[in-house]
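Secondary and tertiary structure notes
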Amino acid sequence: MPVGIPRLLCTAARWGVLSWWLLLALPGWAQSSARSIKSAPTTAESPDPAIRKLLEEARTLQADYHESEALAKFEQVLSKAPATYEALWQAAVLSIRIGSRYTDETRKTAYFAAARLYANRALVVQPEGAEGHYAEALTLATQATLLSARGRLLAYREMRDHVFRATELRPEWAEAWQLLGRWHYRVDHYNILEQIYSRVFLGGRPYGASTFMALDALRKAHELEPKRIQFAYDLARVYLNRSQQTRATAVLQEAVALTPVTADELEISRRCRRMLEQLNRQLRRQVHRHLRKL
């Protein structure tokens, strides 16, 4: 496990010092490829040659999918220059991705808590940075499902402004659109108890959430990066929820034609294949029923 905040938080967790957060409802929330992280433009580089060198090494490690090592490099940057915006938001996103792979809850929640600290600091350094808002929204999303009902609903409420701001500031960033689409879908699908609690204690659900807008945002993400299998998977799942099997089938066919690069992408590719097989079986049954009636 890389040195830095996550390790310190794991130590604190064993003594019950921290209040913990958690992982969001839709499968694969934090499973986006490292390509998405490195795709965001960087801010002005530090004048310090040592910091520039560490940042370049971190980016190279990211490009090669060595995420733990990349996080360690960004933490080295922050130990020397704590207000380095790129290192802060990248460390937040990497902490979410790495923490999501742990089954041990202590380590998982330690990484998530570290991510929240990094994201908060990124917003202090650059309040109008799209990446900082994205990192904050992603952290809130991943924390949400391990919270109490009240904490979870408050996280979705707090997440709203950050994820909208990220897409406003960087409308060409597919990753931000994906996160916005997931927020729309999750909030629009509150269960009955969540709806009642929100109405009675929180003044209602966060404003503006809808499945229609979820589809719009996920389509935008897929259009911006059609070769990202995670985006295709999310879009197909929402199409199926809306009983739009033909559109779901078309997106899944695109998805299974893509070559997975990471273990996360391989798992998503398998899910897409299973979904496509189920849809094809349903279609065959419908055809057979129709032929029997003739």
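Given the structure is predicted, the values throughout are model-derived calculations rather than measurements. (Residues numbered from 1 in each chain as written. Predicted model: local features only at pLDDT ≥ 70, side-chain atom pairs only at ≥ 80, totals over all residues. Heavy atoms only, no water.)

The next thing to look at is the overall build of the protein. Of the regular secondary structure elements, the protein holds 14 helices and zero strands. If you list the helices and strands of the protein from N to C, you get α-α-α-α-α-α-α-α-α-α-α-α-α-α. The buried share among the 294 residues of the protein stands at 52%. Across the protein, the fraction of contacts at a sequence separation of at least 24, relative to all contacts at a separation of at least 6, is 69%. As displayed, the protein offers around 13,900 Å² of accessible surface, 55% of which is attributable to carbon and sulfur atoms. (Helix = DSSP H or I, 4+ residues; strand = E, 2+ residues; numbered from the N terminus. Buried < 20%, exposed > 50% of the residue type's maximum accessible area, 1.4 Å probe, protein only. Contact = heavy atoms within 4.5 Å. Areas by Shrake-Rupley, 256 points an atom, 1.4 Å probe, with all protein chains shown as cover.)

Here we come to the confidence of the model for the protein. Summarising the model, the protein shows a mean pLDDT of 87, and 84% of its residues fall at 70 or more. In the predicted structure, residues 8-27 sits below a pLDDT of 50 and forms 56 contacts with residues beyond four places in sequence or in another chain. (pLDDT = per-residue confidence, 0-100.)

Its identity as a non-glycine residue notwithstanding, Y65 has a phi of 65 degrees, on the positive side. Position of Y65 among the secondary structure elements: in the loop between α3 (49-63) and α4 (67-80). In the Ramachandran plot, S243 falls in the positive-phi region, its phi being about 60 degrees despite a non-glycine side chain. For S243, the location among the structural elements is in the loop between α12 (229-241) and α13 (245-256). You can call S243 exposed: its relative accessible area is 52%.

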